[in-house]
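Chain by chain, the residues run as shown.
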Amino acid sequence: MKSLNIERIREDFPILNQQINNNHLAYLDSAATTQKPLNVIKAIEKYNISNNANIHRGAYTLSIKATEEYDKSRKKIKGFINSPYSESIIFTKNTTEAINLVAFSYGMENIKDGDEIVVLITEHHSNILPWQMVARKNKAKLKFVYLDENSIINMKDFKDKVTDKTKIVAVGHVSNALGTINPIKYMVDYAHQKGAVVLIDGAQAIPHMKVDIQELDPDFYVFSGHKMLGPMGIGVLYGRREILEKMSPFLSGGDMIEYVEEQSSTYAELPYKFEAGTQNVEAAVGLKAAVEYIEDIGLENIKNHEMKLTKYAIDKMKEIHYITIYGSQDIDKRGGVISFNIQDVHSHDVATILDSYGVAVRAGHHCAQPLMKYLGINSTCRASFYLYNTIEEVNQFIEGLKNVRKWLGYGS
Ligand code: C6P
């Protein structure tokens, strides 16, 4: 493990080198979306300057070149997550679309009256609403697993809720709202023992830690390109090949067919069966470049850096008596996300005041309203770190925090 050369890394992210409200921009919202390094921006530019054409359609050289670029991206993702097959890698628009694909193509067809679906109370709406729809339509029950007294998933509750009736367990690898890393391997194995199919929402995990699909062995694993230095508009669904082969298409139309008759059609093989219509090829190209960047720096080094910043920030925040930090107090169970509130101040006011100091944090319910309700709050402020953030930026954030209550007329 080596320390990151942050100065060198920041040269790759020109967007970070700007003033916001006369202050250095401290971008602490990478859990919402990450910034793009120059190699990603240049890869997209190069694709558009030299290789752009519609894929799989042309017999001409430019279309073949574009198709090759798209295929290379799929192979890159296969290697990055150690998927056994390229055909298991389906490109989607984002995590949300990937979960909807599974809910509609697998869930709607396999969940029956009386079956159960289990999710965690910490799930993002994208991993709740599709299952609500399946449960409502197919008369199944949607069950939630709650937290224990240490604000981590209560594993006794998990084991109570996952039963022989459970057909799908859909769990986040890392919570976007609390930053908690879930014991996902244990959850996958336990759910499999009970005969359930497991989907893991890896949107907040894959940018920060090594995910080895063959070791973890989930049935589905989903994530978004824009949270891992890549472009918006591209996401990934990894699916177990045998299951994907049996599933019906989610979207239908061009590019996902074998033969089309007036009244019926046969479908293309994997992965094309699930990639209807013209795909976001330039985003796939950008995603490949993003993975190359991450691999070059090394996921362990990235995680190590983020944890250094997180620990430093939490220690400083704990010194401020009117701040409440949510989630596990155990640093080993956290990713680089800190959700917090300042006593008597709405999270949006905190974020707006921090913005005046150049600090960008997210405020609100973080698309986790059931969690907020469960915690008895309506929102939090959230700072999230990535490989390009510095200790100086954490200090800028802490200084801003110390001023929030003063701005609003409180003593301290
Ligand atoms: N979370 C956040 O600020 P999309 O929008 O489809 O790329 O990702 C949805 C999603 C799904 N699961 C988790 C765990 C997520 O964190 C997100 C996106 C952003 O926390 C936007 S709400």
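Residues numbered from 1 in each chain as written. Predicted model: local features only at pLDDT ≥ 70, side-chain atom pairs only at ≥ 80, totals over all residues. Heavy atoms only, no water.

## Remarks on a nonpolar patch on the surface
Thinking step 1. A contiguous nonpolar patch, built from Ile257, Val260 and Tyr267 and spanning about 270 Å² of accessible area, is present on the exposed surface.
Thinking step 2. Inspection of the secondary structure puts isoleucine 257 in strand 11 (residues 257–260).
Thinking step 3. What makes isoleucine 257 partly exposed here is its relative accessible area of 32%. (Patch = residues over 30% accessible without salt bridge, like charges linked within 9 Å, V, L, I, M, F, W, Y side chains within 5 Å. Areas by Shrake-Rupley, 256 points an atom, 1.4 Å probe, with all protein chains shown as cover. Salt bridge = Lys/Arg side-chain N within 4 Å of Asp/Glu carboxyl O. Helix = DSSP H or I, 4+ residues; strand = E, 2+ residues; numbered from the N terminus. Buried < 20%, exposed > 50% of the residue type's maximum accessible area, 1.4 Å probe, protein only.)

## What to know about the packing of helix 2 (residues 38–51) against helix 10 (residues 281–297)
Thinking step 1. The N-to-C vectors of helix 2 and helix 10 enclose an angle of 145°; their axes lie 8 Å apart at closest approach. For helix 2 against helix 10, the interelement crossing comes out right-handed. In this structure, helix 2 contributes Asn39, Val40, Ala43, Ile44, Tyr47 and Asn48 to the contact, and helix 10 contributes Val281, Glu282, Val285, Gly286, Ala289, Ala290 and Tyr293.
Thinking step 2. Among the residues forming the contact of helix 2 with helix 10, the class breakdown is nine nonpolar, three polar and one charged. (Axes fitted to C-alpha atoms, helices over the stretch in contact; angles between N-to-C directions. Left-handed = near helix turned anticlockwise from the far one by under 90°. Contact = heavy atoms within 4.5 Å. Nonpolar A, V, L, I, M, F, W, Y, C, P; charged D, E, K, R; others polar.)

## Quick notes on the state of the cysteines
Thinking step 1. A full pass over the atoms with the stated rule returns zero disulfides.
Thinking step 2. This cysteine, cysteine 367, is not joined by any disulfide, and cysteine 381 carries the nearest cysteine sulfur, 15 Å off. (Disulfide = S-S within 2.5 Å.)

## So, the domain arrangement of the chain
Thinking step 1. Splitting the chain by domain gives domain 1 (6–30 + 298–407) and domain 2 (41–295).
Thinking step 2. The straight-line distance from the C-alpha centre of domain 1 to that of domain 2 is 28 Å.
Thinking step 3. Taken residue by residue, the interface counts 32 residues in domain 1 and 28 residues in domain 2.
Thinking step 4. Carbon and sulfur atoms supply 64% of the area buried between domain 1 and domain 2, which totals about 2600 Å² over both sides.
Thinking step 5. At the level of elements, helix 11 (299–318), strand 14 (337–342) and helix 13 (369–375) are the ones that each hand at least two residues to the side of domain 1 that touches domain 2.
Thinking step 6. Considering every element that reaches the side of domain 1 that touches domain 2, the biggest residue donor is helix 13, with six residues.
Thinking step 7. Looking at the side of domain 1 that touches domain 2, its residues break down into 17 nonpolar, eight polar and seven charged. (Domains from an automatic or database assignment. Buried area = accessible area lost by both parts, 1.4 Å probe.)

## So, the packing of aromatic side chains
Centre-to-centre distance and the angle between the planes together describe a pair of aromatic rings.
Thinking step 1. Following the criterion strictly, the structure yields 12 aromatic pairs and no others.
Thinking step 2. The interplanar angle of 90° and the centroid separation of 5.7 Å between the aromatic rings of phenylalanine 13 and tyrosine 293 together place this pair among those described as edge-to-face. Of this pair, phenylalanine 13 sits in the loop between helix 1 (6–11) and strand 1 (19–20) while tyrosine 293 sits in helix 10; the two residues are 280 residues apart in sequence, bridging distant segments of the chain. The residues phenylalanine 13 and tyrosine 293 share a single accessibility class, namely buried.
Thinking step 3. Seen from their ring centres, tyrosine 386 and tyrosine 388 are 5.8 Å apart, and the 85° between their planes marks the pair as edge-to-face.
Thinking step 4. We classify tyrosine 386 as buried; its relative accessible area is 0%.
Thinking step 5. Exposure remark for tyrosine 388: the relative accessible area of 0% places this residue in the buried category.
Thinking step 6. Grouped by ring-pair contacts, the aromatic residues Phe13, Tyr293, Tyr386 and Tyr388 constitute a single cluster. (Phe/Tyr/Trp six-rings, centres within 6.5 Å; stacked < 30°, edge-to-face > 60°.)

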